[in-house]
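Single-letter residue listing:
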Amino acid sequence: MAKKNSYKDELISEIKSLSQSKGLNTVFTTFLEITATSIAAQMDPVNAAEREKRYEEIASKMKPEILSSYARMLALLWLATYAQKDDPCDILGDIYHGLRLNNEWNGQFFTPDNICRMMAQIINPVDDNKEKPITVNEPACGSGAMIIGTIWAMKRQNFDYRYKSFFMAQDIDIRCVWMAYIQLSLYDIPAVVIHGNTLSMKEWSRWYTPYAAPFLKKG
């Protein structure tokens with residue numbers, strides 16, 4: 001299991017502090033959107049202009065001190081993720097459950113890290129030929145825990161997932177899309193996260209992580 005992460009605790013405290021005036025659900029949801037759009041505005045190889053426009057729209061409606069609070073949250077999340085770079089785990093999913101937001105978000109429950117890691121080791125997408133590129137599809141990604149568990153397993157086989165794998169993640173809940181996109185971006189995972197209905201094939205948006213760019217050029 002992942003060791004205790006003080007940056008994650010600081011992030012939770014920052015979220016709780018702002019939620020005293022804005023409401024916990026509103027603060028966490030806004031944090032997800034403004035973080036996802038700020039990353040995509042700079043790094044999404046396909047939708048940067050659209051994401052920048054949305055980011056500016058959100059930021060323009062905030063007081064400077066509120067925007068600064070969200071900026072601190074992003075900095076703390078980056079530090080929390082960096083602290084786990086050798087032992088990647090689902091930070092946002094854990095925060096989501098720790099804040100008991102699953103009770104407000106239609107009773108959603110995300111798979112714990114230890115189960116994701118166990119499943120990844122059983123499936124073992126990395127075969128004996130470690131030079132062969134791997135593609136993985138996660139049709140109901142939630143916060144991205146299964147993909148994070150997969151790269152955890154890949155790292156233990158000395159497989160360079162950043163250049164030899166590509167992930168497609170999908171979820172019907174835009175908040176889950178943002179959580180997955182943020183974490184997959186911060187963990188340097190090549191992926192596209194789709195806001196869509198896997199069963200009906202209806203799709204609303206696509207979010208490409210920074211490491212997805214080389215794969216898009218090849219395509």
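The structure presented is a predicted model; accordingly, all values stated were derived computationally and were not measured.

Reading the values: the criteria
Numbers given for residues are sequential positions, taken from 1 along each chain in its written order. A pLDDT threshold of at least 70 governs which residues receive local features in this predicted model, and a stricter bar of 80 or more applies before side-chain atom pairs are shown or counted, although totals over entire chains, interfaces and linings include all residues. Side-chain calculation: all heavy atoms of the structure are included, whereas hydrogens and water are not. Note on definitions: salt bridges are taken to be side-chain nitrogens of Lys or Arg within 4 Å of carboxyl oxygens of Asp or Glu. Secondary structure elements follow DSSP: runs of H or I no shorter than four residues count as helices, runs of E no shorter than two count as strands, and numbering proceeds from the N terminus. Between any two strands, at least two bridges found by DSSP are needed for them to pair. Angles shown run from 0 to 180 degrees and are taken between the N-to-C directions of axes, each axis being a line fitted to C-alpha atoms and, for helices, limited to the stretch in contact. Only heavy atoms enter the contact rule, under which two residues are in contact if any of them lie within 4.5 Å. Disulfides are defined as cysteine sulfur pairs within 2.5 Å. Only protein chains enter the area calculation, which uses a 1.4 Å probe; residues under 20% of their type maximum are buried, those over 50% are exposed, and those in between are partly exposed. One less than the residue count of a helix, multiplied by 1.5 Å, gives the span that helix is expected to have. The directions considered for the arc are those from the helix axis to the C-beta atoms.

### Points about the pattern of salt bridges
Here's step 1: In total, this model carries twelve salt bridges according to the counting rule given.
Here's step 2: In this structure, aspartate 87 and arginine 117 form a salt bridge, with 3.2 Å as the shortest nitrogen-oxygen distance. One end of the pair, aspartate 87, is in the loop between helix H4 (64-83) and helix H5 (91-98); the other, arginine 117, is in helix H6 (residues 113-123), with 30 residues separating them in the sequence.

### Topic: the sheet that holds strand S1 (residues 134-138)
Here's step 1: Strand order in this open sheet of four strands is S1-S2-S3-S4, and the pairing throughout is mixed. The two strands at the open ends of the sheet, each matched to only one other strand, are S1 and strand S4 (202-208). Pairs of neighbouring strands in the sheet enclose a mean axial angle of 15°, with direction left out of account.
Here's step 2: The pairing of S1 with strand S2 (residues 165-171) spans five bridges and is parallel. Note on S2: the bridge partner recorded for glutamate 138 is alanine 169.
Here's step 3: Contacts from helix H9 (residues 174-186) reach S2, strand S3 (191-197) and S4 within the one sheet, and its direction differs from that of S3 by about 175°.

### A few points about the state of the cysteines
Note on terminology: a disulfide is the covalent bond linking the sulfur atoms of two cysteines.
Here's step 1: Using the criterion set out here, one finds zero disulfides in the structure.
Here's step 2: Looking at cysteine 141, it has no disulfide partner, and the nearest cysteine sulfur is the one in cysteine 176, 6.7 Å off.
Here's step 3: Among the residues examined, cysteine 141 registers a relative accessible area of 5% and is labelled buried.
Here's step 4: Residue cysteine 176 is classed as buried on the basis of its relative accessible area of 1%.

### Describing helix H3 (residues 48-60)
Here's step 1: Given a rise of 1.5 Å per residue, 13 residues ought to cover 18 Å, and the 18 Å separating the end C-alpha atoms of H3 matches this to within 8%.
Here's step 2: Of all the positions in H3, only Arg51, Ile58 and Ala59 are classed as buried. Down the axis, H3 shows its buried residues gathered within 95° of arc, on one side only. Of the exposed residues in H3, the ones pointing more than 90 degrees away from its buried face are Ala49, Lys53 and Ser60.
Here's step 3: Turning to H3, the residues buried within the fold contact helix H2 (24-43), H4 and S4.

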